[in-house]
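Here are the chains, one letter per residue:
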Amino acid sequence: MFQWINPMQCTGCSACAAICPSACIQVKVDKNGFYIPIIDSKGCIQCHKCENTCPVIHSTNQKQEDTMAFAAISKHDLIRSESSSGGVFSELANYVLDNGGCVFGAAFTKDFRVKHICVENKQQLNRLRGAKYAQSWMGNCFSEVEKRLRSKQIVLFSGLPCQIAGLQSYLKKRYENLITVDFICHGVPSSGVWKQYVSYRAQKDNNGKLPQYIKLRCKSTGWSRYQYSVEFYYTDGKKYSCINTKDPFMKLFVGDYINRQSCANCRFKGFHRTSDITLGDFWGVWDYYPDMDDNKGTSILLIHSIRGMRIFSFIQKNLRYKSVQLDEVSAQNRSVLTSSPSNAKRDVIIQKSLEGNFEEIMMYLERNIPRKPSILHRIWNKYIANK
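Rules and cut-offs
Residues numbered from 1 in each chain as written. Predicted model: local features only at pLDDT ≥ 70, side-chain atom pairs only at ≥ 80, totals over all residues. Heavy atoms only, no water. Helix = DSSP H or I, 4+ residues; strand = E, 2+ residues; numbered from the N terminus. Buried < 20%, exposed > 50% of the residue type's maximum accessible area, 1.4 Å probe, protein only. Contact = heavy atoms within 4.5 Å. Areas by Shrake-Rupley, 256 points an atom, 1.4 Å probe, with all protein chains shown as cover. Lys, Arg positive; Asp, Glu negative; His and termini not counted. Charge placed at Lys NZ, Arg CZ, Asp CG, Glu CD. Polar contact = N/O pair within 3.5 Å; in protein donor to acceptor, adjacent residues only side chain to side chain. Salt bridge = Lys/Arg side-chain N within 4 Å of Asp/Glu carboxyl O. pLDDT = per-residue confidence, 0-100. Pairing = 2+ DSSP bridges. Axes fitted to C-alpha atoms, helices over the stretch in contact; angles between N-to-C directions. Core = buried A, V, L, I, M, F, W, Y, C linked by side-chain atoms within 4.5 Å.

Visitor: Before we go on, may I ask you to explain the overall build of the protein chain in this structure?
Guide: Of regular secondary structure, the protein chain possesses 14 helices and 13 strands. Summarising its shape, the C-alpha atoms of the protein chain cover approximately 70 × 55 × 55 Å along the three principal directions. Counting all 387 residues of the protein chain, 53% fall into the buried class. In the protein chain, of all internal contacts separated by at least 6 residues, the share reaching a separation of at least 24 is 69%. When the accessible surface of the protein chain is summed, it comes to about 18400 Å², and 50% of that surface belongs to carbon and sulfur atoms. Looking at the protein chain, you have 53 positive and 33 negative side-chain charges, and the mean spots of the two groups are 2 Å apart.

Structure, rendered in structure tokens:
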């Protein structure tokens, strides 16, 4: 493991492995299911390129132009129905593809691991839509992005803020034909826990056979006020459907039981970022702009650069949008600005999750996590305290 960085601060972005000239750094899965870089000291030539490229040590998160904020919705109903929120990412990607470009983003593999891939046509774009709550495997994406940029192709690279920072550190320069899009991130769940949950659901729902596809942000139950569902679709019409607040994996993710340690002190949050565009859910839009909430998903769209504003001007005709204030954006989506501390039971829960018995985990949480007192108890306690 790295000698120059605390392992608890590593984001697993893989920039160090991509920059290594002697290929002596490999990204592997640790005991908790997170990607970490491993150095072969025998092959190391002491060039320090990995150290100098690490975005945690050498932060690229510096303000560019003033950030502009919008509530935004795609005018194309099919795109929005297949998207996590308002469908803005697809409109950006369609523009790039229409102009001969390519789009990098996270996709499910056949066995539902999460991997960054390159898409060059609209038929493949659906693979990049929707949430994937596990850390994506980057592979050789950074070098492939660089090769396409040098060939003058337009590239849209989408990923988590730490992945954008890793790419920018790797490239060492700004390319006019690169558009970077990051997402408002609550944290990065363990890929190992996700793998176990997919296997658990398959055993419970379909005699061990994997689903045909998964929607972690299905809007069949709505979107407003966090009413989306988790759905696993199997053959012969079988389906698992559960409101997100009751699904075991989502409870562990949102409860900060299974997220990467570095996510508890993320260095890549804030309104002002080095990405061109930030996307996310406009939670609370129903309070500020009810005319922009039809329960089908509304995006937060933050534009940080002139380049971001330029591409926004090209897709405006495909959006319904409204300028908003930054404090409205973060009021009910604090992940824009702040990290979520790891739960005190994190290490125990990760190990239990990797064993795959999620029913036991839910019972464990019921027994070990104190419940809030009922309203009657709170009234009684207040009465006693004031006597």
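On we go.
Visitor: Please explain helix α4 (residues 88–98) as it appears in this structure.
Guide: Note on helix geometry: an α-helix contains 3.6 residues per turn, so any two residues three or four positions apart are oriented the same way. With respect to burial, α4 is a largely interior element, nine of its 11 residues being buried. Positive backbone phi, at 80°, marks G100, one or two positions downstream of α4.

Visitor: Would you mind going over the side chain of H304 with me for this structure?
Guide: Of note, H304 is situated in the loop between β12 (299–303) and α10 (306–315). In this structure the side chain of H304 is engaged in a polar contact, spanning 3.0 Å, whose partner is the side chain of T67. Polar side-chain contacts of H304 include one of 2.7 Å to the side chain of T278.

Visitor: I would appreciate a short explanation of unusual backbone geometry in the present structure.
Guide: Leave glycine aside and you will find that most residues have negative phi; peptide bonds, for their part, are mostly trans. In this model, K172 sits at a positive phi of 70°, which is unusual for a non-glycine residue. Residue position: K172 is located in the loop between α6 (161–171) and β7 (178–183). Residue K172 is classed as exposed on the basis of its relative accessible area of 53%. Located in the positive-phi region is D256, a residue other than glycine, with phi close to 65°. When you line up the elements, D256 lands in the loop between α8 (248–254) and β11 (277–281).

Visitor: Would you take a moment to explain the pattern of salt bridges for this structure?
Guide: For side chains of opposite charge, pairing can occur when their charged atoms come near one another. With the rule as written, the count across this model stands at 17 salt bridges. The partner of D98 in a salt bridge is K122, with the nearest N and O atoms 2.8 Å apart. Of this pair, D98 sits in helix α4 while K122 sits in the loop between β5 (114–119) and α5 (141–150), and the two are 24 residues apart along the sequence. Overall, the relative accessible area of 53% leaves D98 in the exposed class. Its salt-bridge partner being E231, residue K239 comes within 3.9 Å of it at the nearest N-O pair.

Visitor: Can you walk me through the confidence of the model for the protein chain in this structure?
Guide: The predicted coordinates should not be examined in detail at positions where pLDDT is low. In this model, the protein chain carries a mean pLDDT of 92, and residues with pLDDT of at least 70 account for 92%. Segment residues 374–387 is flagged for pLDDT under 50; beyond a separation of four residues in sequence, or across chains, it makes one contact in the model.

Visitor: Would you explain the sheet that holds strand β9 (residues 229–233) in this entry?
Guide: In any sheet, the strands associate via hydrogen bonds between backbone groups, in a parallel or an antiparallel arrangement. What the three strands build is an open sheet, ordered β8-β9-β10; its pairing is antiparallel. Strands with a single pairing partner mark the edges of an open sheet, and in this sheet they are β8 (213–218) and β10 (239–243). Across the sheet, the mean angle separating the axes of adjacent strands is 10° when strand polarity is ignored. Here β8 runs beside β9; their pairing, made up of four bridges, is antiparallel. Residue I214 lies in a different strand from β9, and its bridge partner there is F232. Packing of helix α7 (residues 191–206) onto the sheet brings it into contact with β8, β9 and β10, and relative to β9 it is tilted by some 65°.

Visitor: For this particular structure, what's the right way to read the nonpolar core?
Guide: Note on soluble globular proteins: their nonpolar side chains tend to be buried together. Core analysis: the largest hydrophobic core is formed by 51 residues, its most contacted members being W194, F232, L252 and I258. In contact with L252, not counting residues within four places along its chain, are Y257, I258, I349, S353, F358, I361, M362 and L365.

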